[in-house]
Amino acid sequence: MKLDFFKYHGNGNDFIILDNRSGRYDPGQKKIAFLCDRHFGIGADGLMLLETGSGYDFSLKYFNSDGNESSMCGNGGRCMTALAHNLGLIKTKAKFSAVDGDHEAEILSVQGSTCMVRLKMKDTTTGKKYRDGYFIDTGSPHFIIFVPDVNLVNVNSEGRRLRSGERFAPGGCNVNFVEITSTGINVRTYERGVENETLSCGTGVTASALIAAILNKDSNGTCFVSTPGGEFKVSFNQSPGGFSGIYLEGPAEFVFKGELII
């Protein structure tokens, strides 16, 4: 079987994308894990299927690099929007469906192979406070831990220890280490399903910005976020019960396209 694919990344969080509007691809867990393998396959943090959806410009189905279907991916949604734009499916605005519901996205600018994309995230509650951190669901479950310096954290060791704790059973949780700075926050993320630190995580960046807003009592704000892979902007409205009007903004870059016989 010949597989035609696109490779995109959002601030280093990289994806294989298959145009599956015809329904021809059903790769399965083992093949997805193979395709995402950085030594034997194409290499990526995850794989996405671009599919049709009644009443939508497209629908998004996301799989982690272990081959299992997963929850919403913020960077994935932005990269899929960029691909839809490049394929001529949308002009500047998109409405699409994902596992956590409806989303809207907008292409803010295009420079070369990079689209600046703003993605509307789902509304969420204020989450739950624990002794050692905060839990919040931004389309994917995230645990937020504030630290003095993210560069001093062993993200893989600590993230692996926390992600499968009993309080997050049975699905586990992504783990974010957050440093508050004078201009915003620095974030490093351990992603479940990838089982490693990723260069950035869209839902994790969003979750970290919202929890930082609770601590800073920032009800209607914008948070600038720095990750190992690049910069984001998160905007939101906060009320006593949670957050609405949440937008994740950052670059989505086309890397290459190719074909593989599997």
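Whatever comes next refers back to the structure up there.
Not measured: the values here are computed from a predicted model.

Trainee: Please set out the overall build of the protein residue by residue, giving values where relevant.
Mentor: Counting its secondary structure elements, the protein contains 4 helices and 17 strands. The C-alpha atoms of the protein give 17 Å as radius of gyration, which agrees with the globular expectation for 262 residues (18 Å, within 12%). Each principal axis of the C-alpha atoms in the protein carries an extent, and together these give about 50 × 35 × 30 Å. Burial statistics for the protein: of 262 residues in total, 51% are counted as buried. Counting contacts in the protein only where the partners sit at least 6 residues apart, residues at least 24 apart contribute 60% of the total. Positive and negative charge centroids in the protein, built from 27 and 29 side chains respectively, lie 2 Å apart.

Trainee: Hey, could you go over the nonpolar core for me, with residue numbers and the actual values?
Mentor: Among the nonpolar cores identified, the biggest contains 48 residues, and Ile17 and Val225 are the most heavily contacted of them. No other element matches helix H4 (residues 202-216), which puts 7 residues into this core. Among residues more than four places away in sequence, those in contact with Ile17 are Phe5, Phe6, Tyr8, Met48, Cys79, Met80 and Leu83.

Trainee: Describe the pattern of salt bridges, listing the residues and the values that go with them.
Mentor: Applying the stated criterion to the full structure yields 13 salt bridges. Taking the shortest distance from any N to any O, the salt bridge between Arg21 and Asp19 comes out at 2.7 Å. Under the relative-accessibility criterion, Arg21 is labelled partly exposed at 37%. Several salt bridges converge on common partners, so that one network encompasses Lys7, Asp14, Arg38 and Asp45.

Trainee: Go over H4 with me, naming the residues and quoting the values.
Mentor: Helix length check: H4, at 15 residues, gives a terminal C-alpha distance of 21 Å against a target of 21 Å (1.5 Å per residue), a fit within 8%. H4 sits mainly inside the fold: 12 of its 15 residues count as buried. Every buried residue belonging to H4 is among Gly202, Thr203, Gly204, Val205, Thr206, Ala207, Ser208, Ala209, Leu210, Ile211, Ala212 and Ala213, and all of these are buried. Downstream of H4 by a residue or two, Lys217 has a phi angle that is positive, lying close to 55°.

Trainee: Go over empty space enclosed by the protein with me, naming the residues and quoting the values.
Mentor: Here the idea is plain: a probe the size of a water molecule rolls over the atoms and shows the empty space left. Going through the model one piece at a time under the given rule, you end up with 1 cavity of 30 Å³ or more. Computed from the structure, the largest cavity encloses a volume of approximately 100 Å³. For the largest cavity, the lining is made up of 15 residues, of which Tyr62, Asn64, Met72, Ser140 and Glu191 are closest to its centre. At the level of elements, strand E4 (58-64) and H4 are the ones that each hand at least two residues to the lining of the largest cavity.

Trainee: Describe the pairing of strand E15 (residues 220-227), with residues and values.
Mentor: Burial of E15 is one-sided: the residues Gly221, Cys223, Val225 and Thr227 facing one way are buried, the residues Asn220, Thr222, Phe224 and Ser226 facing the other way are not. Relative to E15, strand E13 (residues 185-191) runs parallel, the two being bridged by 2 bridges. For Ile185, the partnering residue across the bridge sits in E15 and is Val225. Both E15 and strand E16 (residues 230-239) contribute to a ladder of 8 bridges, which runs antiparallel. By the bridge assignment, Thr222 is partnered in E16 with Ser235. Two successive antiparallel strands, E15 and E16, enclose a turn made up of 2 residues.

Trainee: If you had to explain the packing of aromatic side chains to someone new, which residues and values would you point to?
Mentor: Under the counting rule described, the total for this entry stands at 10 aromatic pairs. On the numbers, 6.0 Å between centres and 80° between planes, the contact of Phe5 with Phe256 is edge-to-face. Placement of Phe5 in strand E1 (residues 2-10) and of Phe256 in strand E17 (residues 242-261) is noted, with a sequence separation of 251 residues between them. What makes Phe5 buried here is its relative accessible area of 7%. Aromatic ring contacts, followed pair by pair, group Tyr130, Phe135, Phe143 and Phe168 into a single cluster. The ring of Tyr130 is capped by Arg167, whose NZ or CZ atom sits 4.9 Å from the centre of that ring.

Trainee: Provide a residue-level description of helix H2 (residues 74-86), including the pertinent values.
Mentor: Taking 1.5 Å per residue, 13 residues should reach 18 Å; H2 reaches 19 Å between its end C-alpha atoms and fits that length. Within H2, burial applies to Gly74, Asn75, Gly76, Gly77, Arg78, Cys79, Met80, Thr81, Ala82, Leu83 and Ala84. Of the residues one or two after H2, Gly88 is the one with positive phi, at around 85°.

Procedures and definitions
- Residues numbered from 1 in each chain as written.
- Predicted model: local features only at pLDDT ≥ 70, side-chain atom pairs only at ≥ 80, totals over all residues.
- Heavy atoms only, no water.
- Helix = DSSP H or I, 4+ residues; strand = E, 2+ residues; numbered from the N terminus.
- Rg over C-alpha atoms; globule rule 2.2 N^0.38 Å.
- Buried < 20%, exposed > 50% of the residue type's maximum accessible area, 1.4 Å probe, protein only.
- Contact = heavy atoms within 4.5 Å.
- Lys, Arg positive; Asp, Glu negative; His and termini not counted.
- Charge placed at Lys NZ, Arg CZ, Asp CG, Glu CD.
- Core = buried A, V, L, I, M, F, W, Y, C linked by side-chain atoms within 4.5 Å.
- Salt bridge = Lys/Arg side-chain N within 4 Å of Asp/Glu carboxyl O.
- Expected span 1.5 Å × (residues − 1).
- 1 Å grid on protein atoms, 1.4 Å probe; cavity = no way out; pocket = protein on both sides within 12 Å on 5 of 7 lines; lining within 4 Å.
- Points joined across faces, edges and corners; volume = space filled by probe spheres on them.
- Pairing = 2+ DSSP bridges.
- Phe/Tyr/Trp six-rings, centres within 6.5 Å; stacked < 30°, edge-to-face > 60°.
- Lys NZ or Arg CZ within 6 Å of the ring centre and 35° of its normal.

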